[in-house]
Amino acid sequence: MFLFESIPWYSWLAWLGVLLALIIGNEITRRWKWAGLAIFVALPILLTIFVWPTTAGPDSSTGTWFHWVKVYSALAGCLGFMALRYIPRLSTNTWALAFPPAILAINILEACIRDFEVGAMGANGMVDGVFMVSGPWNYMNGIAGLLNLLTICGWTGIIISKDSAKTMVWPDMVWFWIIAYDLWNFAYVYNCVGDHSFYAGAALLISCTIPAFFLKKGAWLQHRAHTLALWMMFTMAVPSFVTDSRFAVDASHDPTALFVVSAIALASNVAVAIYQIRAIVVGRKNPLRDELYTDLEAYRSVRAANV
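Let us look at the structure shown here. Worth saying up front: this structure is predicted, and the values here are computed from it rather than measured. (Residues numbered from 1 in each chain as written. Predicted model: local features only at pLDDT ≥ 70, side-chain atom pairs only at ≥ 80, totals over all residues. Heavy atoms only, no water.)

## Thoughts on the packing of aromatic side chains
Thinking step 1. As enumerated under the stated definition, the model contains 27 aromatic pairs in all.
Thinking step 2. Where Trp 12 meets Phe 198, the ring centres are 5.2 Å apart and the plane angle is 75 degrees; that geometry is what we call edge-to-face. You can see Trp 12 sitting in helix H1 (residues 9-31) and its partner Phe 198 sitting in helix H9 (residues 197-215), a full 186 residues away along the chain.
Thinking step 3. When the centroid spacing of 5.8 Å and the interplanar angle of 20 degrees are considered together, the rings of Phe 186 and Tyr 190 count as stacked. Placement of the pair is Phe 186 and Tyr 190 together in helix H8 (residues 175-192), with a separation of four residues, close to one helical turn. For the residue pair Phe 186 and Tyr 190, the accessibility class agrees, reading buried in each case.
Thinking step 4. For the cation-ring pair, Arg 246 lies above Tyr 10, with the distance from its terminal atom to the ring centre recorded as 4.1 Å. (Phe/Tyr/Trp six-rings, centres within 6.5 Å; stacked < 30°, edge-to-face > 60°. Helix = DSSP H or I, 4+ residues; strand = E, 2+ residues; numbered from the N terminus. Buried < 20%, exposed > 50% of the residue type's maximum accessible area, 1.4 Å probe, protein only. Lys NZ or Arg CZ within 6 Å of the ring centre and 35° of its normal.)

## Brief notes about the pattern of salt bridges
Opposite charge on two side chains makes pairing possible when the charged atoms of those side chains draw close.
Thinking step 1. If you walk through the whole model with that rule in mind, you get six salt bridges.
Thinking step 2. Across the salt bridge formed by Lys 216 and Asp 163, the nearest N and O atoms sit 3.6 Å from each other. Highlighted residues: Lys 216 in the loop between H9 and helix H10 (220-237) and Asp 163 in the loop between strand S3 (159-160) and strand S4 (168-169), separated in sequence by 53 residues.
Thinking step 3. For Lys 216, a relative accessible area of 12% gives the class buried.
Thinking step 4. Owing to a relative accessible area of 33%, Asp 163 belongs among the partly exposed residues under this scheme.
Thinking step 5. The partner of Asp 290 in a salt bridge is Arg 289, and the shortest N-O contact between them spans 3.2 Å. (Salt bridge = Lys/Arg side-chain N within 4 Å of Asp/Glu carboxyl O.)

## Side note on the packing of helix H6 (residues 99-121) against H8
Thinking step 1. As a packed pair, H6 and H8 sit with axes 10 Å apart at the nearest point and diverge in direction by 35 degrees. Note that H6 runs across H8; the crossing there is left-handed. Packed against H6, whose contacting residues are Leu 104, Ile 108, Ala 111, Cys 112, Arg 114, Asp 115 and Val 118, the element H8 presents Trp 177, Tyr 181, Trp 184, Tyr 188, Asn 191 and Cys 192 at the interface. (Axes fitted to C-alpha atoms, helices over the stretch in contact; angles between N-to-C directions. Left-handed = near helix turned anticlockwise from the far one by under 90°. Contact = heavy atoms within 4.5 Å.)

## Quick notes on the nonpolar core
Thinking step 1. Core analysis: the largest hydrophobic core is formed by 89 residues, its most contacted members being Leu 104, Trp 177, Trp 184, Tyr 199, Trp 220 and Trp 231.
Thinking step 2. Ranked by residue count, the leading element in this core is H8, at twelve residues.
Thinking step 3. Once you skip the residues sitting within four places of it in the chain, Trp 184 turns out to touch Ile 108, Ala 111, Cys 112, Asn 141, Ala 144, Gly 145, Ala 265 and Asn 269. (Core = buried A, V, L, I, M, F, W, Y, C linked by side-chain atoms within 4.5 Å.)

## Re the state of the cysteines
Thinking step 1. If you walk through the whole model with that rule in mind, you get zero disulfides.
Thinking step 2. The closest cysteine sulfur to the non-disulfide-bonded Cys 78 is located on Cys 208, 12 Å from its own sulfur.
Thinking step 3. We classify Cys 78 as buried; its relative accessible area is 0%.
Thinking step 4. With no disulfide of its own, Cys 192 lies closest to Cys 112 among cysteine sulfurs, the gap being 9.8 Å. (Disulfide = S-S within 2.5 Å.)

## What about the packing of H1 against H9?
Thinking step 1. Where H1 meets H9, the closest approach of the two axes is 9 Å, and the angle between their N-to-C directions is 45 degrees. As far as their axial angle goes, H9 and H1 are oblique. Remark: the crossing between H1 and H9 carries right-handed chirality. Residues Ser 11, Trp 12, Ala 14, Trp 15, Val 18, Leu 19, Leu 22, Ile 23, Asn 26 and Glu 27 of H1 pack against Phe 198, Tyr 199, Ala 202, Ala 203, Leu 204, Ile 206, Ser 207, Ile 210, Pro 211 and Leu 215 of H9.
Thinking step 2. Each residue belonging to the contact of H1 with H9 can be placed in one class, and the counts come to 16 nonpolar, three polar and one charged. (Parallel < 35°, antiparallel > 145°, perpendicular 65-115°, else oblique. Nonpolar A, V, L, I, M, F, W, Y, C, P; charged D, E, K, R; others polar.)

## Description of the environment of Asn 306
Thinking step 1. You can see Asn 306 is positioned in helix H13 (residues 297-306).
Thinking step 2. Judged by its relative accessible area of 3%, Asn 306 is buried.
Thinking step 3. When the C-alpha positions of Asn 306 and Ile 24 are compared, they lie 22 Å apart, and in sequence the two are 282 residues distant.
Thinking step 4. Once residues within four sequence positions are removed from consideration, Asn 306 is found in contact with Ile 159, Ile 160, Ser 161, Lys 162, Val 169, Lys 216 and Lys 217.
Thinking step 5. Within the structure, the side chain of Asn 306 is placed 2.7 Å from the backbone oxygen of Val 302, a separation counted as a polar contact. (Polar contact = N/O pair within 3.5 Å; in protein donor to acceptor, adjacent residues only side chain to side chain.)

## Re helix H2 (residues 33-50)
Thinking step 1. In this model, H2 (18 residues) spans 25 Å end to end at C-alpha, consistent with the 26 Å of a helix rising 1.5 Å per residue.
Thinking step 2. If you look at H2, its biggest bend is around 30 degrees, right at Leu 43, and the proline Pro 44 turns up within four residues after that.
Thinking step 3. Looking at H2, one finds that the buried residues are Ala 35, Gly 36, Phe 40, Pro 44 and Leu 47.
Thinking step 4. Next to the buried residues of H2 lie H1, helix H3 (52-55), helix H4 (65-86) and H10. (Expected span 1.5 Å × (residues − 1). Bend = angle between axes of the 7 residues up to and from the residue.)

Next comes the structure, spelled out in structure tokens:
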């Protein structure tokens, strides 16, 4: 296959299981505060003390600085979003509302740094327990990620839904930015941890995009934080699942495939950046203060459903 080596039926079944487990786990932690506290506070404490020092050690594929930073930054996002959702005065505080875009930007920047780092390695083999092939695709995708970071907008319009779930909703985070993020992030995972990308790229990204489009629209960032934290906790506890279990699926490590996914990611994020510049100029808006896409139905329908 172009992107991956052969994918047996049982790996497809495991992929579907991962996808459903993440979607269900996200819904449970989104709907009930006690579930969020149990999964994103109590469980990580136990894993940090008793499990991860052994399973995510220096010889593990999840033992790099990036994986440790990623799991705790994802958990920080979940807890910060819970504070916004359940402490009423924070949801109207401008400084508190700056937290979601800040934690998102930090997570994107972490990945961009790693892409540039891998590109500079000149690697064509095992590095940190993962097979890597360095090339121009790393720099292309690093630039795509920076564009994705720079096009984060409309955070002052974040609201908390009025239903019992108290979901964090970001109306200005519309579908084309989400798709551009997905394409960039898949390319990042494919470039830097390619043999994990069947699950950590495709399944993980789809697990937050489906809820954002069909279950709770406008809440992509909360969906993303929850599913990312769930996946990172699992893969740091059971790294063999994506490396040498019978369900593991290796990337093809084909330079053409690496180039194509990064080129698509770069092109999509350039397109979003151009469209956003047009929205700023035509609407005479301040991208640091204003919501940019208030004229779009995607924005209006989400806001109307949650205020």
